[in-house]
Amino acid sequence: MENKFILKNGSGSLCCKGCGKQDNKLNTYDWLADIPGNAELEDMVEIQFKNTRKGYYKNSNRLKLEKGDTVAVEASPGHDIGVVTLTGRLVPLQMRKANIKPDAEIRRIYRKAKPVDLEKYREAKSREHDTMIRSRQIALQLGLQMKIGDVEYQGDGNKAIFYYIADERVDFRQLIKVLAEVFRVRIEMKQIGARQEAGRIGGIGPCGRELCCATWMTNFVSVSTSAARYQDISLNPQKLAGQCAKLKCCLNYEVDAYVECQKRLPSKEITLETADSTYYYFKADILRGAITYSTDKNFLANEVTISPKRAFEIINMNKQGEKPVKLAADNDAEDPRSKDLLEQESVTRFDKNKSGKNKKKKKNPEKQRNANAQEMQNNTKPNGGNATETKNSAPHSKKQKNKVERPKNKNNEQQGEAGVNKQLPAGPVKQNTKKLPAVTAQTKEGAKAENTNHPASANNNGGKPNRNNNRRPKNKGNADEGGNAPQQPQM
């Protein structure tokens, strides 16, 4: 089965031989892998070992090797086990990139790894972590100012490489003797930096992706704080430092673009003179090409944002002794984008609207007053010569209940017990009417007779008058104190 994917348009194919395993660090894509006979054109093969260690070996036995094969290579002493990561014409280019001289000693590939070789290799790898912990304890007992970050055993288990970090020069001759006696292997010490240690350990950066030093970076360029100044980044050590406690390598990625854009901006020391004030440089959006000036040197006051073209125009005018009326040009439109993140979306957008019901009730106060007036008019309607009936409809809120509720008099209670009152259909509503219903003589006499039939109900508190009967109702449409509706003077 051929390892290739045919494109739909028929222009070619994508070869999956060029891709390596995803767990291999610093993998190189072989874009010449689909060319017939590419692997046989060159004898040099790139072999990768633990983490970022790579080597270039000669295929003297003319083995048919492909990317991902495990092979046994020459080492001093014994042999080592590695994985093939690149073959063919790209290997000499990678050797040139790694600065390997043509006259350098090139070791050779023995064979493809056998099951016995792989068993020794796994056994040696299983001892690496315990060896690292034990070596750290020995270095601490000897009082050496160094940190052993990683240990790598050779494929046959006869040699171990100790990677350490130290700020100063360390004399570890005594340490090598002790380690050789304890582990019974050949010891090799190799000093690395903090960035190399982070690349060997790996991790996730603040950008959410895997560390660059652990995935694709092969060489490390020095990073300085001037890269942060060019990009107008706050010089906060906690934000500028990576997991290796050094400045982030990604600060160098966009420095060239910022330096090129800053050449089109005026100098920060130049002040702009206008007819009413002097403006000082405050900040600049380098990539967008916008400069903000302020009338005060220390803080932002009367800010004006202009383009670099307008700034150079004002600088030329000031050199000629002229001062414009205002800093911004007439055709400059204000930026519609929000300057503050809090202005883009409300902070309280997830809060519940607790006063929504009250707002709905207060939406139309005139309609509420009309409803109250209609209800009061219905309660004060005369009912066939009997006294008026006071009826409280079910209110919708406490405020409406206080408005609608009226005091009951004694006559209304008695008439309610006798079942005399009947509610009539509501008539037309008239607002602001002071006209009261007419009361006949028969109604007046009937009310008096009703009061005389129940003498005990008048004074049921030990002969004392009832205060409820003496209370004057607030509504002019209700009955008077004696239970009789007031007569309207006839015109």
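Here, every reference points to the structure presented above.
What you see is a predicted model; the values in this text were computed from it and never measured. (Residues numbered from 1 in each chain as written. Predicted model: local features only at pLDDT ≥ 70, side-chain atom pairs only at ≥ 80, totals over all residues. Heavy atoms only, no water.)

A. Structural context of the nonpolar core. M146, F162, L175 and M189 are the most contacted members of the largest nonpolar core, which has 21 residues in total. At the level of elements, α4 (128–141), β8 (147–153), β9 (159–165), α5 (173–183) and β10 (186–191) are the ones that each hand at least two residues to this core. With residues near it in sequence (within four places) discarded, M189 still touches M146, F162, Y164, F172, L175 and I176. The next biggest cluster of nonpolar side chains, apart from the first, holds 15 residues, and it includes Y258, I306, A311 and I314. (Core = buried A, V, L, I, M, F, W, Y, C linked by side-chain atoms within 4.5 Å. Buried < 20%, exposed > 50% of the residue type's maximum accessible area, 1.4 Å probe, protein only. Helix = DSSP H or I, 4+ residues; strand = E, 2+ residues; numbered from the N terminus. Contact = heavy atoms within 4.5 Å.)

B. Main features of unusual backbone geometry. Cis geometry is found at the peptide bond from S76 to P77, where omega equals -10°. Inspection of the secondary structure assignment puts P77 in the loop between β5 (70–74) and β6 (79–87). Residues other than glycine seldom take positive phi values, yet R62 does so here, at roughly 55°. Inspection of the secondary structure puts R62 in the loop between β4 (54–58) and β5. Residues other than glycine seldom take positive phi values, yet R184 does so here, at roughly 60°.

C. The arrangement of α4 in detail. Helix length check: α4, at 14 residues, gives a terminal C-alpha distance of 20 Å against a target of 20 Å (1.5 Å per residue), a fit within 8%. For α4, the full list of buried residues reads E128, T131, M132, S135, I138 and A139. Buried residues in α4, looked at end-on, bunch into an arc of 125°, giving them a common side. Opposite the buried face of α4, at more than 90 degrees from it, the exposed residues are H129, D130, L140 and Q141. The inward-facing, buried residues of α4 abut α3 (115–125), β8, β9 and α5. Within two residues after α4, G143 carries a phi angle of roughly 75°, on the positive side. (Expected span 1.5 Å × (residues − 1). Arc of directions from axis to C-beta.)

D. Up close: the sheet that holds β8. Strand order in the open sheet formed by 3 strands is β8-β9-β10, and the pairing between neighbours is mixed. The two strands at the open ends of the sheet, each matched to only one other strand, are β8 and β10. On average, adjacent strands in this sheet sit at an angle of 25° to one another, irrespective of strand direction. Across 6 bridges, the pairing between β8 and β9 is antiparallel. Among the inter-strand pairings, V151 is bridged to a residue of β9, identified as F162. The strands touched by α5 are β8, β9 and β10; relative to β10, the strand with the most contacts, the crossing angle is about 135°. Packing against the sheet, helix α6 (residues 194–201) makes contact with β8 and β9, and its axis sits at approximately 50° to β8. (Pairing = 2+ DSSP bridges. Axes fitted to C-alpha atoms, helices over the stretch in contact; angles between N-to-C directions.)

E. Looking closely at the packing of aromatic side chains. Following the criterion strictly, the structure yields 5 aromatic pairs and no others. Judged by centre distance (6.2 Å) and plane angle (75°), the rings of F49 and Y57 are edge-to-face. Residue F49 shares its accessibility class with Y57, and that shared class is buried. Aromatic side chains Y281 and Y293 sit 6.3 Å apart centroid to centroid with 85° between the ring planes, which places their arrangement in the edge-to-face category. Here Y293 lies in strand β13 (residues 290–294) and Y281 lies in strand β12 (residues 278–285), a separation of 12 residues in the sequence. Lying over the aromatic face of F49, R53 brings its terminal NZ or CZ to 4.2 Å of the ring centre. When the ring centre of Y153 is taken as origin, the NZ or CZ atom of R127, which lies over that ring, is 4.7 Å away. (Phe/Tyr/Trp six-rings, centres within 6.5 Å; stacked < 30°, edge-to-face > 60°. Lys NZ or Arg CZ within 6 Å of the ring centre and 35° of its normal.)

In short, the description is geometric, and any link to function would need to be established separately.
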